[in-house]
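# Architecture at a glance
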Amino acid sequence: MEPLFDFLGSYWWLAFPLSGVFAAWGSSWSKASERRHQRKLELYRLQHQGLAVEQAHSGEIQALLTAHDAVNKRWLEYELDAAKLIDYPMMTDVREPLTVAFLRSKREADALRPMDENELSRDRLAEYRNAVNNFDVAFRVAESEAHRLKDTAFSGPERQRLTTARKLVTVAVDEAATPAERQTAYKRARRELDGLIVLPDATIASLEEKVARMLGAGPSKAQA
């Protein structure tokens, strides 16, 4: 140990430059640690930011699917109810531009509806969003106009036929009516509507199913 103490005693002045070296090394190590810490924080933020974006993306898709379903449900209230279509015939009149616009926007929204939300890109999501919005607006406009016009586009005799058909449809699905009355009412309603309103296939199928259920028979026995 004595030689070491002799050395330190003779070269004590080296402590000053070496302290500077050690201080610089310590500062460099501290800055490097801080940079590593900042990089970890940045990576953490990016990972969680990506997760937040993904969750927002998924949330918007779910909101659009819900909105899409809501408009489809409102349309089904007409498509599956012959009496309601008789009350508001414009909803199935393809001669009406507003009806055509609504049906076209429905087809576009249905075509863009994602089968798997995880495969929906941002561009595709924007297309779907616009399609759903257009569908909603077009349906609201067509429905509002249909309720405003009702049967005013028809002549007096035609309106009378619509009124008769409406009553007959009510009888056709009335549990209080006899099977013969329901069957007759269904056939007469179809004849009254012939040339006035073109009922969608889904409307006819729904009506025939109700009549057949009332008669306790298969749909084929409810055919006109």
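Before reading further, recall that the structure is shown in the block above.
First, a word on scope: everything that follows refers to the structure included in this document. Each residue is numbered by its place in its chain's sequence as written, counting from 1. This being a predicted model, a pLDDT of at least 70 is required before a residue's local features are given, and a value of 80 or more before pairs of side-chain atoms are given or counted; all residues contribute to the totals for chains, interfaces and linings. Water and hydrogen atoms play no part in the side-chain values, which are based on all heavy atoms of the structure.

## Quick look at unusual backbone geometry
Condition: Only DSSP runs of H or I reaching four residues or more are called helices, and only runs of E reaching two or more are called strands; each is numbered from the N terminus. For every residue, the accessible area obtained with a 1.4 Å probe (protein chains only) is divided by the maximum for its type, and the residue is called buried under 20%, exposed over 50%, and partly exposed between those limits.
Positive phi is not limited to glycine here, since K150 has a value of about 50 degrees. Here K150 shows up in the loop between helix 5 (122-149) and helix 6 (156-172). By relative accessible area, which is 44% here, K150 ends up partly exposed.

## Observations concerning the packing of aromatic side chains
Going by this rule: Any two of the Phe, Tyr and Trp rings considered here, Trp counted by its six-membered ring, make a pair once their centres fall within 6.5 Å; the pair's planes then place it as stacked at under 30 degrees, edge-to-face at over 60, or tilted in between. Criterion for a charge above a ring: Lys NZ or Arg CZ within 6 Å of the ring centre, and within 35 degrees of the ring normal.
According to the stated counting rule, one finds 5 aromatic pairs in the structure shown. For the ring pair W75 and F102, a centre distance of 5.1 Å and an interplane angle of 70 degrees mean the geometry is edge-to-face. Of this pair, W75 sits in helix 2 (residues 15-79) while F102 is found in helix 4 (residues 97-112), placing the two residues 27 residues apart along the sequence. A single burial state applies to W75 and to F102, both of which are buried. Among the aromatic residues, ring-to-ring pairing joins W75, Y78, Y88, F102, F135 and F139 into one connected group. In this arrangement the basic side chain of K84 is found over the ring face of Y78, its NZ or CZ atom lying 4.5 Å from the centre.

## Quick word on a nonpolar patch on the surface
Heads up, the condition is: Like-charged residues within 9 Å of one another, or nonpolar side chains (Val, Leu, Ile, Met, Phe, Trp, Tyr) within 5 Å, are grouped into patches, provided each residue has over 30% relative accessible area and no salt bridge. To measure how exposed things are, a 1.4 Å probe is used in the Shrake-Rupley method; for residues, cover is taken only from the protein chains shown. Every case where a carboxyl oxygen of Asp or Glu lies within 4 Å of a side-chain nitrogen of Lys or Arg is listed as a salt bridge.
Residues L98, V137 and V141 make up a contiguous nonpolar surface patch of roughly 220 Å² in combined accessible area. In this structure, V137 sits in helix 5.

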